[in-house]
Amino acid sequence: MKSAAPGGTAALTHRPAELARQDEAALLDMLQDLEQRHGFVPRELSEELSRVVEVKLERLRRIQGKLDNTIRRDVQQHVARWRDEEGNLIMILHAIQNQHGYIPREVAMELSRELGVKLARIYEVITFYHYFKLQPPGAHNITVCNGTACYLKGSGELLNELRSQLGIAEGQTTADRQIHLDTVRCIGCCGMAPSVVIDGKTLGHVKSSEIPGHVAAVRAKKEAAA
Amino acid sequence: MKALTRQDLEAFARQPRAEPPEWIRVQLDTGGIAAGAELVHTALAAARDERHLAFSLLRAGSVGYSFADPVIEVQSAGMPRVHYGRVTPEVAAQVLDTHVVDHRLLDDHVIATRQRSTALALPVTHILVRDTGPDATSKTEFFQFSFTEELKRRGLAERVQVVRALDIGIYDEGAVVQLLPSAVTYANVLAPDVARIVAESIEGGRVVDDLLWKTPDKQVRIVLRHCGDVDPDSLEDYLQHADGYQALRRALFEFTPEQVIAEMKLAALRGRGGAGFPTWMKWQLTRAQPAPQRYVICNGDEGDPGAFMDRSVLESDPHAVLEGMMIAAYAMGSTKGYFYIRAEYPKAVERIDRAIQQAREAGLLGANILGSDFSFAAKVRLGAGAFVCGEETALIASIEGRRGSPSPRPPYPSVRGLWGMPTAINNVETLACVPAILTKGGAWFSSFGTETSKGTKVFAVTGKVRNAQLVEVPMGTTLREIIYEVCGGVLDGKDIKAVQTGGPSGGVIPVQHLNTPVSYETLQQLGSIMGSGGMLVMDKTDSMVEVAKFYLKFCVDESCGKCAPCRIGGYQLLQILDRISRGRGNADDVPLIRRICVAMQKASLCGLGQTAPNPVLSTLRYFNEEYQAFIEGGPSYARKMSRVASGAAAANAPAVAPARPLVAPLPTGNGGAI
Amino acid sequence: MIRARINQIDVEVAEGTSILAAARGVQVKIPTLCKHKDLLPTAACGICIVRNKGGNKLIRACCTPLENGMEITTHDREIVDVRRSTLELILSNHPQACLTCGRNGECELQSLAADFNIPLESIKRYVKDVPRDCSTGSIIIDFQKCIKCGRCIQVCQEMQNVWALSFLDRGINTRMAPAGDITLAESPCVKCGQCSAHCPTGAIVENDETPLVWEALHDPNKICVVQIAPSVRVTVGESFGLPPGTNLTKKLYAALRRLGFAAVFDTNFSADLTIVEEASEFIERFVHQRGQLPLITSCCPSWTDFMEKRHYDFIDNFSTAKSPQQMLGVLAKTYYAQKLGLDPAKIFVVSIMPCTAKKYELSRTEEMYASGFKDVDVALTTRELARMLKQSGIDFLNLADGAPDSMLGDYTGAGTIFGATGGVMEAALRTAYFYATGKKLAKVEVEAVRGLDGVKEGTIDIAGTPVRVAVAHGLANVEQVLDRVRAARKAGTDTPYHFIEVMACPGGCIGGGGQPYGVDNERRKLRIAGLYADDRDCAIRCSHDNPEVIRVYDEFLGQPLGARAHELLHTRYTARPLYKR
């Protein structure tokens, strides 16, 4: 069976079990050696070679995804939950963002592979929808409601004050990755405009003079945590 | 819950509404929760257990009194049922002490009912007083004192309590008095009237006709019929207390799909998402399209800044929307439906999700619902922060997992929609109307409203208005009625300058047009649109150039970027407006603005781009002089204006507004929340 | 049939015809910047707006099908005004750098702006400062010049299934770029250049390497030799105003000589050589059953790149024969250098290619240096060659015919049809038939593999055994072919095909990413017809009969698939990550 091809087959007389024990680099060398000798791969060797290719692919996947097993398992779970449902991509992205606070590239890559959706499509979607983030969020979030009612009642002032207090613009995170400042389209608390949401807690009728106090409180939380 | 049968539902329909005798209902919608309603709920539960009180603690959505969040409703034996507003945990404790235990109403938190009566059917137990003119605080106290004294004088003080109301639902009509439990209401009450009221009404049981407030409430609650009343987390509550799924039962067993559509045609309901396309026609078109699958989508991607009608309905009465969707699906022969809801509305998502789950468990979703031939499945899909996904084709793209860029129409979704199948997309409010129409009939529904716009419309009135709240009025109600009679007029008694309707796609309506009856057509004639129902009140200090800039910036941020006129036009327009508002504009700018606006209106692919210039054009139409002032006044004028604006904002910010000084401190900063 | 009126003219068109296409049929030109004949409408630019009588909105002609009874007005005062305003808006978001742009004179935006003669900039220009992406060395993306028409993205995603380019962000920040903040070289891009061929502006252009060639030509220490790819001869004329398909082979020989090349070779020659190697490979696998079937052609560098990234389970099926470009390069620096006693280090090989990926192929693997040097130094696209000719002052069209240099210049009809989809297959079959049977095909034309259908299948009888072949062009068409093979593999059944030809670009190399602008199926057909005519006119129509090919084996290479041939004429493949980052 394994006699046909001249030259290079000696190296390939190993049984599959032995092949598996060989380290990956050696296998790859062997494959390259074979290719070099034959220019193409003799049919008799294809079975062993397909195993080698598998090893190669495995390595590739790792290069592509820089994955650890946890990420893969997580993504597989999300995909398993949604695979048979129509319109699942955005729902899965929500699940991922809920888990990580943003959508890490390696997770997006793994998702692309698991779900069979091109990475380009995933990025098209992530960057289109403002809800999805590509950067890790800050430890604390300060969000100014920019609904109409809040706007009329001075949310711009609040935002200006926050910008100068934190030294960042909306959509940005402080250099120490502690505080993320953002605006949100109407949180529906128009009755208490202008409102600011700090770490999920909504504050109503906020005055710009109160902002330094709030920022200090958040920073104190950070230090307490540290 | 075991699977329901048709007979179960029929039994529910016959069964009288059974309620526990004593209860407190906490309104737990997003607005309420943000204001601390969960804490109030927790405090009430703890206090009840600690003090072994017997009342049931119930949950509900919002009745719409956003200005008074958190709101609770209390039913106690021998007491009139009342709403309390601005309830902190401390206030809640007082409510327990005063109302539940002592059977007295608590001052400064009662919101008077709008269901006013003209007959004194029952003996008076409580007198609500509230002065609605200037210097309200002292006058309210004065009237409370006068009534109390008068009652004492006649030995009635034991029987009748005088209570200062937080809000009495009538504005700028002097002192207003409401007699509970009948809710006979007197307005423009003067000091000498006190004795007369006590003598005639309290003692004599007769109505004082010359003081009687006969104007009925402007609001008609169809969409909001159960909001604040029914527990959004309980299918059982919906079934037993809100005629839940009776409309569906009727549709399935008493109507053919064609008859449902005919009833909708009779109702003449038009899409409440803004465009006003007749709902029956949308269903008819979808139904007429031969296809292996048809979809119905509930558009809950409410994104207009300042609009929260859909959120409130989804959070307060989710089963009604689901029921409406199911009836729609039955009518058009669809078996699958999606709720597309903004991810920014976690509470609405949670409640709809739960409603679907409960309905599935009860056999109201699934195969052969209630033993009929109708099968239906509903799912939730989340938006992810893109306003443009409110546009039908963009919404479909989003559900399909693509960028929410609109596609050219035709083909319309009713022909080729979700996954290429005929799809009807209905707004939340539209679907919420459907069960009511099926129950009470299309003719009943169309008895409200104007010639071309039937039924009622929910508005979220915000901005410089005294009582920011949800309002549901019949079409044809004037803007003035909505703002002044329902919402109490402009904040701080200032002069109104304009009203903005339709959000970023709408326009401003200046004060001279406030008597315009609201309908799809009239608003359009004024250069605005109905839109989804946001209504922003602006006072004299608000700069129209800034307002135009605000809305335009919103559209520029939310433009999908697909087509050039909207993507670049919006951006350039914003640059020019910004230039003008900094006093750097010149005479050529206004014609250029108009030219870009026309290009956007005519050449943009979807509604967002086509309507984005509306706020700019309508402010130019009515407030051109403000633009000219910026252009002619230059940077120094612009600086002056910006000082005025920030001053105004600061003046509006105080926690305790002068017009309502007697209320508990509002949750400012951390204090109110924890 | 749909009956309607456009500008008062009665039109009758098939159902589903767009207003734009219907208007074209009655000599009404509606301008557009985003609709391309190859592609579905994206409805992005907003220029093609027209009015239907009674409608209160303007509608887009590109994506609105004509309906019965419509009365369309394509030009009235308002329409033209809005069109002008929209164009002005687009210009306000576009760098006005026409004179130094790669598309100067051939830009659709420039041409429309000229038609409208916009006198002054009334709208302040806003162009975000974004650096160009030159990472691939084949294609350069100038993001600033992108008008977001979406053509390239549709090409990359739908037509080529490559998914390197995508729309990112939204609103005014909408941009066309690879997924995430990575360069094109780090993306799945296969350098096919179809994006550049469809771009209406200078946002995506080939990497212009003409300066390198000029420098080499002026360098007295360099011996510059040049090769011309099969398809270039029938397309280069378009850059000089000739109709597509005009065969200018001999004028090209003369012109290149005038440019200063010491020797002018023809890639058609090495195409014949590729066929000899590849047909031998096929016989080895098909007849002698050594190696995997189907055999898949590998002369298209975009296709090999695509396979290595997305279909690496087919590595063993790939023909290891190098592409004609590389075969000629290596022979120029070995065989030709030895024969003439030249120092191969001094030889500078330039290839004129229809293709942007050929620039990438030059350094694809170490086998591309088989001569001990970079086998081909620079690959120019047809567009770059046209520019060089124009710069050089050569009156190209009026030149007397020239001749190629011998040794690497003679070609057969089989070599020339390499430039058309199905051509490699047809050429290989002609030779494989001979190798298997020792007989000449009675009819050398293999009609089954000709034409513009995305996937073409056929069965050719070789010595009583049916050979099942498939030809795919346009990378999006590959998957269905490979999936059939995969399914058979999985099921353990006989392979559905024995031989597969794939060309990345629709139409094959005549539709290459480096060809003159304005490609559509009409042009593709004319260009292909030019190549088949060339084939017909050739006295010798089978690669193995090419006397120069026979001689190079006799004198230098030995046997097909022999040791020397392997060393110089074959390459290998390796699975590559789709994303490098």
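See the structure above.
Residues numbered from 1 in each chain as written. Chains lettered and ligands numbered in written order. Predicted model: local features only at pLDDT ≥ 70, side-chain atom pairs only at ≥ 80, totals over all residues. Heavy atoms only, no water.

A.B. asks: Mind showing me how you'd approach the sheet that holds strand β18 (residues 534–539) of chain B here?
C.D. replies: Strand-to-strand pairing in sheets goes through backbone hydrogen bonds, with the strands running parallel or antiparallel. All names here are of chain B. With respect to topology, five strands assemble into an open sheet ordered β15-β14-β18-β16-β17, the strand pairing being mixed. Two strands bound the open sheet, and with one partner strand each, they are β15 (469–474) and β17 (507–510). Averaged over all adjacent pairs, the angle separating strand axes in this sheet is 30°, with direction ignored. Here strand β16 (residues 496–501) runs beside β17; their pairing, made up of four bridges, is antiparallel. By the bridge assignment, glutamine 500 is partnered in β17 with valine 508. (Pairing = 2+ DSSP bridges. Helix = DSSP H or I, 4+ residues; strand = E, 2+ residues; numbered from the N terminus. Axes fitted to C-alpha atoms, helices over the stretch in contact; angles between N-to-C directions.)

A.B. asks: Would you mind going over the environment of glutamine 75 of chain B with me for this structure?
C.D. replies: Residues and elements named next belong to chain B. Residue position: glutamine 75 is located in strand β3 (residues 72–75). Sequence separation between glutamine 75 and histidine 99 is 24 residues, and the spatial gap between their C-alpha atoms is 9.2 Å. Residues contacting glutamine 75, with those up to four places away along its chain left out, are Pro21, Glu22, Trp23 and Arg81. (Contact = heavy atoms within 4.5 Å.)

A.B. asks: Sorry if this is basic, but what is going on with the interface of chain A and chain B here?
C.D. replies: Buried accessible area, meaning the area lost when the parts come together, often serves as the stated size of an interface. With 43 residues of chain A in contact, the opposing surface of chain B contributes 67 residues. Interface area lost by chain A to chain B is led by Phe128, Leu152 and Arg185 of chain A, which between them contribute 19%. Our enumeration of links across chain A and chain B arrives at three salt bridges. Across the pair lysine 379 of chain B and glutamate 85 of chain A runs a salt bridge, and its minimum N-O distance is 3.4 Å. (Buried area = accessible area lost by both parts, 1.4 Å probe. Salt bridge = Lys/Arg side-chain N within 4 Å of Asp/Glu carboxyl O.)

A.B. asks: Quick question: what am I supposed to make of the sheet that holds strand β2 (residues 56–60) of chain B here?
C.D. replies: Residue and element names in this part refer to chain B. Strand order in this open sheet of nine strands is β2-β1-β3-β4-β5-β7-β6-β8-β9, and the pairing throughout is mixed. Single-partner strands in this sheet number two, and they are β2 and β9 (184–189). Along the sheet face, helix α6 (residues 193–203) touches β6 (126–131), β8 (175–180) and β9 and points at about 165° away from the line of β9.

A.B. asks: Would you mind showing me how to read the nonpolar core here?
C.D. replies: When a protein is soluble and globular, its nonpolar side chains tend to lie buried together. With 237 residues, the main nonpolar core has Tyr245 and Phe339 of chain B together with Leu66 and Trp303 of chain C as its most contacted residues. For this core, the leading source of residues is helix α12 (residues 318–332) of chain B, giving eleven residues. With residues up to four places along the chain from it excluded, the contact list for leucine 66 of chain C reads Ile2, Ala4, Ile6, Val11, Val13, Thr17, Ser18, Ile19, Ala22 and Ile72 of chain C. Judged by nonpolar contacts, the second largest core, of 67 residues, contains Tyr253, Phe269, Leu385 and Val549 of chain C. (Core = buried A, V, L, I, M, F, W, Y, C linked by side-chain atoms within 4.5 Å. Buried < 20%, exposed > 50% of the residue type's maximum accessible area, 1.4 Å probe, protein only.)

A.B. asks: What is the right way to look at a positive patch on the surface in this model?
C.D. replies: Together, Arg584, Arg639, Lys640 and Arg643 of chain B make up a positively charged patch on the protein surface. Mapped onto the elements, arginine 584 of chain B comes out in the loop between α20 (564–581) and α21 (589–603). (Patch = residues over 30% accessible without salt bridge, like charges linked within 9 Å, V, L, I, M, F, W, Y side chains within 5 Å. Areas by Shrake-Rupley, 256 points an atom, 1.4 Å probe, with all protein chains shown as cover. Lys, Arg positive; Asp, Glu negative; His and termini not counted. Charge placed at Lys NZ, Arg CZ, Asp CG, Glu CD.)

Function cannot be inferred from these measures alone, as they are strictly geometric.
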